[in-house]
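# Examining the three-dimensional arrangement
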Amino acid sequence: MRAKLLVFSLFISFASIAQEYEYTYTFFTNSAMSGDYFFSKTKSSGGSAIKSVNGKIPVSVTKFHTPGNALELTYKNAAEGKWQATIFRQEKRGMDHFKKAEFLSFWIYRLYPLELPVFQLMRKDSSLTKKFYINITEYNQWKQVTIPLASIKNPGISEPGDIIAIVFSQMSKNECRENSIYIDDIELLPAKKAAKVTEVPVIQSLKGYAKHVDITWNKITDKNVHLIEINRSENGSEYHPVGIQQNFINRFTDYTAETGKKYYYMISFLNSGYKLTNLSLPDSVSTKPMTDDELLTMVQEASFRYYWEGCELNSGMAKENIPGRHNMMATGASGFGIMALIVGTERGFITREESVARFVTIVNFLEKAETFHGVYSHFIDGPTGKAEPFFGKRDNGADLVETSFLMQGLLAARQYFSGDNANEKLIRDKITSIWEKAEWDWFRQYPDSKFLYWHWSPDQGWVINHRLIGWNETMVTYLLAIASPAHPVPASMYYSGWANQDSTGIKYRSNWGQTTDGSRYTNGNTYFGIKLDVGVSNGGPLFFTHYSYMAFDPHFITDKYTNYFTNNQNIAKINYRYCVQNPKNFKGYGENAWGLTASDGPFDYSADEPVPWQDCGKIAPTGAISSFPYTPEESMKALKNYYYNYGKFLWGEYGFKDAFDLTNNWCSEIYMGLNQAPMVVMIENYRTGLIWKLFMQNPEIQNGLKKLNGESKNK
Ligand code: CA
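## Notes on the coordination of the calcium ion
- The calcium ion binds to the protein through Thr 29 (O), Asn 30 (OD1), Thr 66 (O), Thr 66 (OG1), Asn 69 (O), Asp 184 (OD) and Asp 184 (OD), with metal-donor distances spanning 2.3 to 2.6 Å.
- All donors of the calcium ion come from a single chain, and their spacing in sequence reads T-N-x35-T-x2-N-x114-D. Note that Asn 30 is positioned in the loop between strand E1 (25-28) and strand E2 (40-45) and Asn 69 in the loop between strand E4 (59-60) and strand E5 (70-77), a separation of 39 residues in sequence.
- Among the residues examined, Asn 69 registers a relative accessible area of 7% and is labelled buried.

## What about the domain arrangement of the protein chain?
- Here the protein chain is described as being made up of domain 1 (21-189), domain 2 (203-289) and domain 3 (296-713).
- Between the C-alpha centres of domain 1 and domain 2 the distance comes to 28 Å.
- Both faces considered, domain 1 and domain 2 share a buried interface measuring about 920 Å² in area, 64% of it formed by carbon and sulfur atoms.
- Where domain 1 meets domain 2, there are 0 salt bridges.
- Sorting elements by how many residues they give to the side of domain 1 that touches domain 2 places strand E12 (residues 176-189) first, with 3 residues.
- Across the side of domain 1 that touches domain 2, the residue classes break down as 6 nonpolar, 6 polar and 2 charged.

## Remarks on the sheet that holds strand E14 (residues 212-217)
- Pairing in this open sheet of 3 strands is antiparallel, and the strands run E13-E14-E17 from one edge to the other. Each end of this open sheet is capped by a strand with a single partner; those strands are strand E13 (203-208) and strand E17 (251-255). Averaged over neighbouring strand pairs, the angle between their axes works out to 15° when direction is ignored.
- Inspection of the sheet shows E13 paired to E14 by 5 bridges, in the antiparallel sense. Across the sheet, the residue bridging to Ser 205 is Thr 216, located in E14.

## Observations regarding the side chain of Ser 303
- Examined against the element boundaries, Ser 303 turns out to sit in helix H2 (residues 292-308).
- Relative accessible area serves as the criterion here: at 0%, Ser 303 is assigned to the buried category.
- When neighbours within four sequence positions are excluded, Ser 303 is seen to be in contact with Tyr 654, Gly 655, Gln 676 and Val 680.

## Focus: the sheet that holds strand E16 (residues 239-246)
- The 4 strands are arranged E16-E15-E18-E19 in an open sheet whose pairing can be described as antiparallel. The two strands at the open ends of the sheet, each matched to only one other strand, are E16 and strand E19 (283-286). On average, each strand axis in the sheet is inclined to that of its neighbour by 30°, with strand direction left out of account.
- In this structure, strand E15 (residues 227-233) lies alongside E16, joined through 7 bridges in antiparallel fashion. Across the sheet, Ser 233 pairs through a bridge with Tyr 239, a residue of E16.

## Concerning a positive patch on the surface
- A contiguous patch of positive charge on the surface is contributed by Lys 41, Lys 43, Lys 82, Lys 131 and Lys 173.
- The residue Lys 43 is located in strand E2 in this model.

## Considering the environment of Gly 161
- Tracing the backbone through its elements, the reader meets Gly 161 in the loop between strand E10 (142-148) and strand E11 (163-169).
- Residue classification places Gly 161 among the partly exposed positions, given a relative accessible area of 25%.

So, how was this worked out
- Residues numbered from 1 in each chain as written.
- Predicted model: local features only at pLDDT ≥ 70, side-chain atom pairs only at ≥ 80, totals over all residues.
- Heavy atoms only, no water.
- Donors = N, O, S within 2.8 Å, 3.2 Å for Na, K, Ca; no water.
- Helix = DSSP H or I, 4+ residues; strand = E, 2+ residues; numbered from the N terminus.
- Buried < 20%, exposed > 50% of the residue type's maximum accessible area, 1.4 Å probe, protein only.
- Domains from an automatic or database assignment.
- Buried area = accessible area lost by both parts, 1.4 Å probe.
- Salt bridge = Lys/Arg side-chain N within 4 Å of Asp/Glu carboxyl O.
- Nonpolar A, V, L, I, M, F, W, Y, C, P; charged D, E, K, R; others polar.
- Pairing = 2+ DSSP bridges.
- Axes fitted to C-alpha atoms, helices over the stretch in contact; angles between N-to-C directions.
- Contact = heavy atoms within 4.5 Å.
- Patch = residues over 30% accessible without salt bridge, like charges linked within 9 Å, V, L, I, M, F, W, Y side chains within 5 Å.
- Areas by Shrake-Rupley, 256 points an atom, 1.4 Å probe, with all protein chains shown as cover.
- Lys, Arg positive; Asp, Glu negative; His and termini not counted.
- Charge placed at Lys NZ, Arg CZ, Asp CG, Glu CD.

And the structure:
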């Protein structure tokens, strides 16, 4: 009987691991920024009025249901007028699995017993459902409003994703004097009856930094915990709720904005009905002044946590973004994350034993994961190890560029784990086997091809047909293909493919947009007083100077056109000077906020460049901070500005959020796997050169460089 039970429970646990994490379908919990809520819109006419900031709904930081804010609707109804306030749902990359929803819920607080608005739901085609009335008589208290989704007998809504916004508007032609209501926690909830939380909240640790405190608690096992609420006190007796956290993260970053001050904390759990458990026992800590050196370590450790604590559980490697898919491992980001884990080990964020155990998980996973001619796909499903075509059906096979980023990390790790013991030997041996299985030469597509190709699909072959042509982030792909001990390509491909100068290369580069500068690979123009040897346009997004050079030390890469440390440094300086000049007058740009690169944005993910047609007003912290080896002073100024002045919205559990846009009063609510690790690794390369040194010790890399140098002399 016991044995049977055991088998049964194993089966259950496997099934629950394989299921992708389901998010609550949410319209509003908190605004990332104070002032106005970016994902909203207001309008009024005919004498009616709705309070608006920049055409958007104001954010209330004094009245809220969940800390730290809510939306304020202050309106005046006129007999012939109308007003409307729309709250759009913010779509986040990879947050595409949802709890089964049974009813719409939001919380409302009104100041006066005056007429309430009605609300409607917006479908994907912008049409609105029938009007719903709010039957609340109380005022000066928070009340929950719910409607069963089954009661929405409207065509076009069959699942949560069919609702893109909630719209409040004037109910009747009755005039009313100014009324204020507050709205918070608009979401679709799974069951009307919220289940009770039995788990007891316990604070595990508190740590004070210059202007923030990190609070951790035990990993939550109770499925009924909807959110975690964090309460802070300055005197140990009066506590105020300061923030909430999702149930899958057991840490909260409280940016208090004051240095050298003592704070007390207690936490509690909420169920989906927002009923609080008892508070945890209190604990206290002080914020403290920090040196520049400590500040660098703080940024490294926080970003490192993305890969350590925030990893995909089966592979031990990086997710695409957090929050996002929980079961999906991202190959390139994992290569960067591997380097961040090495930095974290060397700096003592984790012990060597912990690190070795993680790397054993990583190499065991990679050994069994699906490959195509030894090359991994862009995304891999953690529970099964199979390719995950997250970017579309054609991208269901090999991704050579992502694999080269992974290999960069693995080859640095092979040198780092040099210990004379079984586990470290296993790590080295499995990395060698992974490295030697990758068929770089297959990705020429045909035997005498000048180019490497980015993708290959097992059922659609070369359907994407994307040639790798520089200048961009793919230099390391050619360098590794040339250096490969088992499946190398000729060193001549560096010049025939990557630095191609015939019509194919010229056309490819000219298609990037609005300039022919650098279309022959070499550039030669001067921008902002800086001569650029190599680079399309005036250098492109800054990640071009990071991804290939996190481990491959650019000091040692000199072709017949330039040295790539110097060239990268010039690209970083051009980017800096463009942002200081700020031709489009974006808010916040300057010597303390610069670095255009690929990141999340208020409207979409985009790769920004220091030219007006590729500059949309957002700054990603990784731009300046990952440029530390090239521009240490300018990078440090940006880092301090981001933390000391913008930390309230920009600093979080995994370091800096992905990007911000002050012109639009927007800040990203995600961290990206491709953007956090470059900060850890490039700060370390600036401080000690650790990852560069490790990687360059690989004999195959030295051999590949020799081949490239020979080729450059022949040219
Ligand atoms: Ca709130």
